[in-house]
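Analysis of the macromolecular model
Read off the chains here:
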Amino acid sequence: MGRDKASRQCRERPPLGSSRTPYPDRRPAVPSGLLLLQSDVACCALCPTMRPWRRFGRRAYGTSATGYLLVGEAPGYVSWKNRRRFTGPAGLFVRRALRLVGHARCRDLEDLFYMTDVVKCHPARPGNPRANRSPRQAEVRACAGFLLREMTVLNPSVVVTFGKLAAEGVAGAIGRMAPGSAPKVLSFPHPSPRNRRTILRHYPSLSAFEESLTQTFCRLIMQLDRRSPVMRRPSR
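About the cut-offs
Residues numbered from 1 in each chain as written. Predicted model: local features only at pLDDT ≥ 70, side-chain atom pairs only at ≥ 80, totals over all residues. Heavy atoms only, no water. Buried < 20%, exposed > 50% of the residue type's maximum accessible area, 1.4 Å probe, protein only. Helix = DSSP H or I, 4+ residues; strand = E, 2+ residues; numbered from the N terminus. Pairing = 2+ DSSP bridges. Salt bridge = Lys/Arg side-chain N within 4 Å of Asp/Glu carboxyl O. Axes fitted to C-alpha atoms, helices over the stretch in contact; angles between N-to-C directions. Parallel < 35°, antiparallel > 145°, perpendicular 65-115°, else oblique. Left-handed = near helix turned anticlockwise from the far one by under 90°. Contact = heavy atoms within 4.5 Å. Nonpolar A, V, L, I, M, F, W, Y, C, P; charged D, E, K, R; others polar. Phe/Tyr/Trp six-rings, centres within 6.5 Å; stacked < 30°, edge-to-face > 60°. Lys NZ or Arg CZ within 6 Å of the ring centre and 35° of its normal.

It is worth spelling out the pairing of strand β1 (residues 68–72) at this point. The buried fraction of β1 is high, at five of five residues. Side-chain alternation along β1 places Tyr68, Leu70 and Gly72 on one buried face and Leu69 and Val71 on a second face that is also buried. Direction of pairing for β1 relative to strand β5 (residues 158–162): parallel, over a ladder of four bridges. In the strand pairing of β5, Leu69 is matched with Val159. Inspection of the sheet shows β1 paired to strand β2 (residues 114–117) by four bridges, in the parallel sense. Note on β2: the bridge partner recorded for Val71 is Thr116.

Here's what the structure looks like:
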């Protein structure tokens, strides 16, 4: 299915309720286990390499109502500065792919996903906090319990990952989850412009990569539109 056809189908489906209201208008209260987890993340100071512990507030997580989880590798400096996930160059590429769907209820990633990262704090380069670096394995291990708790509490039906580290982190968490509770995982290359070579090993062009993301988002939105008023599997 081409991007134009997929986007047209998403736009043509009659939205549930007001066309100007995102899905979260019907979401249940944030599960208490999720609020506790967010508080534990905010208080964590395990990694001295992460001082001053640049992390997001609760509003940056998106929605827990859809049953969809979006996992990145670690927050970039621009996203952390904006206090909004996926707003650096790579994140804006992903957001544009969703906007191309043209669905009234899902204009932004926050309307469609609960968003998190394998490493919760922005990994700044020593002496240059504006520059990003790859998370260290010790930092990944320190945050592994948080990702497992997120997946257990959210009980997502679908997990979308960006980057090798995110895919590996989610696979590790699934391996520790109860049998029968594993979600469907959709893994994509990291969308950073610096990762162009890897992207082009999987897609013939950046436009093809963007189109693949748009089609994926469209399918997820169409699944929501087909659901009953109880839109997702219950959180735990």
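Right, let's get into the pattern of salt bridges. Counting across every chain of the model gives nine salt bridges. For Asp108, the salt bridge goes to Arg84, with nearest N and O atoms at 3.7 Å. Here Asp108 is found in the loop between α4 (89–99) and α5 (109–112), whereas its partner Arg84 is found in the loop between α3 (77–82) and α4, with 24 residues between them in sequence. When the shortest N-O distance is used, the salt bridge between Arg85 and Asp117 registers 2.6 Å. Here Arg85, found in the loop between α3 and α4, pairs with Asp117, found in strand β2; they are 32 residues apart in sequence, far enough to count as distant. Taken individually, Arg85 and Asp117 each receive the classification buried, so the pair is uniform in this respect.

The contact between helix α2 (residues 32–43) and helix α6 (residues 137–154) brings their axes to 10 Å, and the two run at 165°. By the angle between their directions, the pair α2 and α6 is classed as roughly antiparallel. Considering only the axes of α2 and α6, their crossing is left-handed. Residues Gly33, Leu34, Leu36, Leu37, Asp40 and Val41 of α2 lie in contact with α6, whose contacting residues are Phe146, Arg149, Glu150, Val153 and Leu154. Along the lines of polarity and charge, the residues of the contact of α2 with α6 split into seven nonpolar, one polar and three charged.

Given two aromatic rings, their pairing is described by the distance between the two centres and the angle made by the two planes. Inspection of every chain in the model, using the stated rule, returns nine aromatic pairs. An angle of 50° between the planes, with centres 6.2 Å apart, marks the rings of Tyr68 and Phe113 as tilted. Of this pair, Tyr68 sits in strand β1 while Phe113 sits in the loop between α5 and β2, and the two are 45 residues apart along the sequence. As far as burial versus exposure is concerned, Tyr68 and Phe113 are alike and both buried. Cluster of aromatic residues (ring-pair linked, three or more members): Phe86, Phe93, Phe162, Phe188, Tyr203 and Phe209. Over the aromatic face of Trp80 sits the side chain of Arg54, whose NZ or CZ is 5.2 Å from the ring centroid. Just above the ring of Tyr61 sits the side chain of Arg85; from NZ or CZ to the centre is 4.8 Å.

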